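What follows is each chain in one-letter form.
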Amino acid sequence: MGLLDILLGRTKPVAPDLDQLFALPSAAVTLEAAAGFTPTGVGAVCFATVEGAAFEQTHREVQALLDADTDRTGPPVELRRDGYGYSWLVSRRSPDQLPELVNDLHAVNSSLEVNGFGPQLLCSLAGFTDGAGRKLALVYLYKRGTFYPFAPLPGAAERRDTALELQLRATLGDDLRIEQDLGRWFPVWGAPGL
């Protein structure tokens, strides 16, 4: 970035750092100790819907790679579309297999990126729940390389628990690279696993 970019207020986009996903298991320990949330075993990668043979081939390869895992206890990896037109590749593991779930999320992101679908990647998330039935997702923003907590209110139609989200921002600050711009803490209504 040059002097002219600085003077005109232009910023260089942050490069995705998929290795940030590997911080999720240690963040989960902090999350459980501080707030009582435990992994659900469900994670997903969200991307803009893509049509065509190249994407279908990539999707089949990723699904075959993840389904070949003999340690998988849940149903196979599935592709779902939400009501907003986005696609989700969903992986299910047992709740105690968060490191394996993170490997799945990393593999999906990496495969899509390597095959030229990086611009369509939006976010990845891992689901959590507590004893009171509250749900939480730790959302990784692909294009920002940062995380944020998303906590929908139980039983409420598209309302979120912002107080809990802000509390968890402070709690997880040492474990995850937290997105500082709260305007980028997008709600992921209807996301698989929530």
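Reading guide: rules and limits
Residues numbered from 1 in each chain as written. Predicted model: local features only at pLDDT ≥ 70, side-chain atom pairs only at ≥ 80, totals over all residues. Heavy atoms only, no water. Helix = DSSP H or I, 4+ residues; strand = E, 2+ residues; numbered from the N terminus. Buried < 20%, exposed > 50% of the residue type's maximum accessible area, 1.4 Å probe, protein only. Contact = heavy atoms within 4.5 Å. Areas by Shrake-Rupley, 256 points an atom, 1.4 Å probe, with all protein chains shown as cover. 1 Å grid on protein atoms, 1.4 Å probe; cavity = no way out; pocket = protein on both sides within 12 Å on 5 of 7 lines; lining within 4 Å. Points joined across faces, edges and corners; volume = space filled by probe spheres on them. Nonpolar A, V, L, I, M, F, W, Y, C, P; charged D, E, K, R; others polar. Pairing = 2+ DSSP bridges.

This part takes up the overall build of the protein chain. When its secondary structure is counted, the protein chain shows five helices and six strands. Counted from the first residue to the last, the protein chain has its helices and strands arranged as α-α-β-α-β-β-α-β-β-β-α. Burial analysis of the protein chain (194 residues in total) assigns 44% to the buried set. Put simply, 65% of the contacts in the protein chain that link residues at least 6 apart link residues at least 24 apart. As displayed, the protein chain has an accessible area near 9500 Å², and 55% of this comes from carbon and sulfur atoms.

In this section: empty space enclosed by the protein. Counting across every chain of the model gives one cavity of 30 Å³ or more. Quantified by volume, the largest cavity comes out at close to 30 Å³. What lines the largest cavity is Val45, Leu66, Val77, Leu89, Val90, Ser91, Asp104, Leu105 and Val108. Breaking the lining of the largest cavity down by element, the ones donating at least two residues are strand S3 (86-92) and helix H4 (98-117). Classifying every residue of the lining of the largest cavity by side-chain character gives seven nonpolar, one polar and one charged.

Attention now goes to the pairing of S3. Summarising burial for S3: five of the seven residues are buried, a large majority. Here strand S2 (residues 78-81) pairs with S3 via four bridges, running antiparallel. Counterpart to Leu79 in the pairing with S3 is Leu89. Hairpin connection between S2 and S3: a loop of four residues separates the two successive antiparallel strands, and Gly85 in this loop has a positive phi of roughly 90°.

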